[in-house]
Amino acid sequence: MHEAYDFAAIQEKWLPIWDEIQPFKSGRADDPRPKKYVLDMFPYPSGDLHMGHAEAYALGDVIARYWVQKGFNVMHPIGWDSFGLPAENAAIKRGSDPRAWTYENIAIQKASMRRYACSFDWDRTLHTSDPEYYKWNQWLFLELYKKGLAYRKDSAVNWCPSCQTVLANEQVVAGLCERCDTAATKKKLNQWYLKITDYADRLLDDMDQLEGAWPEKVLMMQRNWIGRSQGAEVQFEIEGRAEPVSIYTTRPDTLYGATFMVVAVDSSLAAELVAGSSVESAFNSYLEETKAASDIDRLATDRPKSGVFLERYAINPVNGERLPIWASDYVLADYGTGAIMAVPAHDQRDLDFAKAMKLDVKVVVDSGEEDPAITGIATTGSGSLINSGSLNGLTKEEAITAIVKELEAKDLGKSAKNYRLRDWLISRQRYWGTPIPIIHCEKCGEVPVPQDQLPVELPDASGLDLKPKGSSPLGAAEDWVNVSCPSCGGAAKRDADTMDTFFDSSWYFLRYTSVQFDDRAFDVDEVKTWLPVDQYVGGVTHAILHLLYSRFFTKVLHDLGYLDFVEPFTRLLNQGMVQMDGSAMSKSRGNLVKLSDELAEHGVDAIRLSMVFAGPPEDDIDWADVSPAASFKFLNRAWRLSGDVTSEPGVDFTKGDLSLRKATAKSLHDISFAVETFRFNVAVARVMELVNVTRKAIDSGCGGSDPAVREAAQAIAISLSLIAPYTAEDMWARLGHKPAIALAGWPTIDAALLEEDSVTAILQINGKIKDRIEVSPNITGGELEKLALSNDLITAEIAGGEVKKVIVRAPKLVNIVL
RNA sequence: GCCCCGGUAUCCCAAUGGUAGAGGAAGAGGACUUAAAAUCCUUUCAGUGUCGGUUCGAGUCCGACCCGGGGCACCA
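Attention in this report is confined to the structure presented alongside it. The model shown is predicted, which means the values in this text are computed figures rather than measured ones. (Residues numbered from 1 in each chain as written. Chains lettered and ligands numbered in written order. Predicted model: local features only at pLDDT ≥ 70, side-chain atom pairs only at ≥ 80, totals over all residues. Heavy atoms only, no water.)

**Considering the protein's contact with RNA strand B**
We apply this condition: Proximity is defined per residue: any heavy atom of the residue falling within 4 Å of a molecule or strand makes that residue near it. A 3.5 Å cut-off defines polar contacts: any pair of N or O atoms within that distance qualifies, except that in protein one atom must be a possible hydrogen donor and the other a possible acceptor, and neighbouring residues in sequence count only when both atoms are side-chain atoms. A run of H or I in DSSP counts as a helix once it spans at least four residues, and a run of E counts as a strand once it spans at least two, with each numbered from the N terminus. Residues are grouped as follows: nonpolar covers Ala, Val, Leu, Ile, Met, Phe, Trp, Tyr, Cys and Pro; charged covers Asp, Glu, Lys and Arg; every other residue, Gly included, is treated as polar.
The environment of RNA strand B is formed by 48 residues, the closest being T250, R349, R420, R772 and N815. Within 4 Å of the protein, the contacting atoms of RNA strand B are 66% sugar and phosphate, with bases supplying the remainder. Within the backbone of T250, one N or O atom sits 2.3 Å away from a sugar or linking oxygen of RNA strand B. Broken down by element, the surface near RNA strand B gets its largest block of residues, six residues, from helix α23 (residues 680-700). In terms of residue class, the surface near RNA strand B is made up of 21 nonpolar, eight polar and 19 charged.

The structure is reproduced here in structure tokens:
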């Protein structure tokens, strides 16, 4: 008679014991194990953990626990990305303090993580909203400022009317605020930026180091986002203007095909060119119209082209033709030079504009396609140049080289690069974030807060009106905002904005190495020991924002001499999302599955196992396809094995049943390989297989007393310790061992056991299977061929035919070609 | 529109260019039981989205297309 497998009792039994043993401490000075840094993306404390967390942390835990079993000193820390809008919004709603809401939720999540048996080192936690943490945000900001990488500028910025704050480019998705889906508008504001564009080339080129170690998808998204293009800048004289205007083009070969010029309607150049002309008022009303249009309107690609002729002319530098200058909103002020040469024959946008405004179309590349002036379809194919003076007859590539050389010689242009990436806007007009450590003095201008006065702590929220109103609530904290200038001592004001919370998360992985360290943001020696992160695990939602910013900060800190590496995350695993019936879970959709309910019903281990077994980690999980009940059943089945082992611990495995021993060895080998290649679902399948084999051995084979059964049961327990720690620990105890199984060590495999006694060789004729024979794995090609040619089924088939060729792949296959 | 990724059994998913099925779910049958649950055993189901190519041999490589998912999108 066996006791029942009671997941609730097991959970309650082992949790306090683990608290005692603390198997996952890292960084003890005398620890001789080699180091590994496994990092899960830290959560935002918005209530309790949900299904998404459960998946992410289950996967990260498999990796962390695996490396511990393999004998590594694994640093696996956790913290909270605890600044941000939800806390503030909740506080406004409930009339309380964002701080209280935040830290309550952190406590809730922390307790849940502990119960979920995450293998975190609880001595290495951090909260970005702690002054001890954000002090170093401020320090880093000032380092960037000193380097000229943090600056203020006036610009038309993305504004969310609902959140009442500005948004970074990256936070506007398809024209909508990524947080609340409100249509973003534009607002002219003076804001702080970080000069990430200075690092565009390195952010792009260093991705070569990540090839194969990061998901291809993420690399592609980042490359896309940075959007480097190669082209040329060309100078155009403007009639009645002293200075020429520079335009950017990726197709300098089509220079002869330019029939007009377009400047961005919201550029200062447009305003200057139109000033004093008869169309100035028409231009101004067009400009107003443009400003009023939301991003959504602007993004619609089928939107008809609009513009105003400025009554000015540019001169084409290669043929002296007069080109009318138009202002339009299809040219962007902040990309390239804000002005383009329009070549309607070979650019669809220019052609659309030309047709709308009845402008000339001039073909200069003979691509064999139909005349764009008639079809309305610009031709972009390659071909030889026509109507292009010295370029005639050249191919597109030859023409680009030739014209750039020619322009450079005449000082009329040069080769140039451009990027889609824009500088990172970090000011936010909200309370719950890191104050920007700058003091504005009428006499001295921007004055950095001196180092010894950091951190600039947030004032108490009580008494402040946190309601969004377009300017920072901090501005109203009189006692806080009014200070004397550190430079001249005169009356001055603090910068009242706070930092984008992505600033906080762009370097937290460094702080984990020394969370208590007071002297600096991080202990350089500890960082040297632990970084870069060996394995980063998190959602693909951060493919651009967080990962790009972190890479940027790492490069900056490298240049400042604090780091000796340039890429923070050596390997990256993106887990998929947990969905329900094909769409994201949400209360409003009514398809929300509560993690706490699932855990109560099936137990922690069954949920963790379900997450890991559901499919490849990077695929989305549909909870409708997942069966926690089946996971429970399997754990039960595995657990019961431990009660059927009747041999004592320490028994000599070499005396065990050979076929079971081989199965165990093969399983361990396959499980290792599967885990290291992130095929956790396959690893689970292999454990299941071994459980089935072991069950059979006990019931109808060598029996529970055979040493091989103990060996198998222990291998199962250790394998399960990565996924289902409570069940594994309990099995371990029932097998007569002391806790913690997490530190038991991965069993060593006798290589001899991996060798198979015999393999099935396939005999084919013309690629079709005719027979299978059992052969020794060491059989030579010659022997196998001989066996095949003397096989009855084969000789019957070849009878009368002529053997043209015999392909032998010993020991697995022989293919006879007739 | 451009660029990625994926289509294998009723479902979720496996398969270094070499036996399409490892594992699970669901279904069917049976053992045990007064019965049910639990447990155990047995078992059914596809030729890999479509067409063509390379190869002795293709789910796997190449090309085109269809379908699904994702990214970018007036970036000159």
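**What to know about the pattern of salt bridges**
Selection rule: Only one rule defines a salt bridge in this text: a Lys or Arg side-chain nitrogen within 4 Å of an Asp or Glu carboxyl oxygen.
Counting across every chain of the model gives 36 salt bridges. Where K25 meets D123, a salt bridge forms, and the shortest distance between an N and an O atom there is 3.3 Å. Placement of the pair is K25 in the loop between α1 (7-21) and β1 (35-40) and D123 in the loop between α4 (98-115) and α5 (131-146), with a sequence separation of 98 residues. Across the pair R228 and D201 runs a salt bridge, and its minimum N-O distance is 2.4 Å. Highlighted residues: R228 in the loop between α7 (216-226) and β8 (229-238) and D201 in helix α6 (residues 200-205), separated in sequence by 27 residues. Several salt bridges converge on common partners, so that one network encompasses K25, D121, D123 and R124.

**Topic: the packing of aromatic side chains**
Heads up, the condition is: Stacked, edge-to-face and tilted are the three classes for Phe, Tyr and Trp ring pairs, Trp counted by its six-membered ring, which pair at centre distances within 6.5 Å; planes under 30 degrees apart are stacked, over 60 edge-to-face, the rest tilted. Burial classes: relative accessible area under 20% of the type maximum marks a residue as buried, over 50% as exposed, and values in between as partly exposed (1.4 Å probe, protein chains only).
For the structure on display, the rule yields 38 aromatic pairs. Taking the centre distance of 4.9 Å and the plane angle of 80° together, the rings of F83 and W432 count as edge-to-face. In this pair, F83 is assigned in the loop between β2 (73-75) and α3 (85-94) and W432 in the loop between β18 (427-428) and β19 (438-441), connecting sequence segments 349 residues apart. This pair shows no difference in class: F83 is buried, exactly as W432 is. Consider the rings of F502 and Y549, whose centres lie 5.7 Å apart with planes at 65°: the pair is edge-to-face.

**Overview of the sheet that holds β19**
Quick reminder of the rule: Strands qualify as paired when DSSP identifies two bridges or more between them. Between N-to-C directions, angles span 0 to 180 degrees; the directions come from axes that are lines fitted to C-alpha atoms, helices contributing only their stretch in contact.
Across the sheet, which stays open at both edges, the four strands sit in the order β20-β19-β22-β21 with antiparallel pairing between neighbours. The strands lining the two open edges of the sheet, one partner per strand, are β20 (445-448) and β21 (482-484). On average, each strand axis in the sheet is inclined to that of its neighbour by 40°, with strand direction left out of account. As paired elements, β19 and strand β22 (residues 491-494) share three bridges and run antiparallel to each other. Counterpart to I439 in the pairing with β22 is R494.

**Examining the environment of P739**
By the element assignment, P739 lies in the loop between α25 (725-734) and α26 (751-754). Put simply, P739 and S776 are 37 residues apart on the chain and 43 Å apart in space, counted from C-alpha to C-alpha.

**Looking at unusual backbone geometry**
With an omega of 0°, the peptide bond running from L454 to P455 counts as cis. Residue position: P455 is located in the loop between β20 and α14 (478-481). The omega angle of the peptide bond from L531 to P532 is -5°, so this bond is cis rather than trans. Assignment of secondary structure puts P532 in the loop between α17 (524-530) and β24 (535-539). We note that A117 has phi near 65°; this positive angle belongs to a residue other than glycine. Its place among the elements puts A117 in the loop between α4 and α5. The backbone of N387 sits at a positive phi, close to 55°, despite the residue not being glycine. Summarising the element assignment, N387 is placed in the loop between β15 (384-385) and α13 (396-409).

**Some remarks on the sheet that holds β1**
Pairing is parallel across the open sheet formed by four strands, whose spatial order is β2-β1-β24-β25. Looking at strand neighbours, the two that pair on one side only are β2 and β25 (572-575), the edges of this open sheet. Strand-to-strand twist of the sheet, defined as the mean angle between neighbouring strand axes without regard to direction, takes the value 20°. With three bridges joining them, β1 and β2 adopt parallel strand pairing. Bridging from a neighbouring strand, K36 pairs with V74 of β2.

**Overview of the packing of helix α21 (residues 628-644) against α25**
The criterion, for reference: Each angle gets one of four labels, with under 35 degrees taken as roughly parallel, over 145 as roughly antiparallel, 65 to 115 as roughly perpendicular, and the rest as oblique. By definition, any crossing whose near helix is turned counterclockwise from its far helix by less than a right angle is left-handed, and any crossing with a clockwise turn is right-handed. By definition, residues are in contact when any of their heavy atoms lie within 4.5 Å.
Closest axis-to-axis distance for the α21/α25 pair is 8 Å, and the angle between their directions is 15°. Viewed along their axes, α21 and α25 adopt a mutual orientation that is roughly parallel. In the crossing of α21 with α25, the sense of the turn from one axis to the other is right-handed. Judged by residue contacts, L635, A638, W639, S642 and G643 of α21 engage T727, D730, M731 and R734 from α25. When its residues are assigned to classes, the contact of α21 with α25 shows four nonpolar, three polar and two charged.

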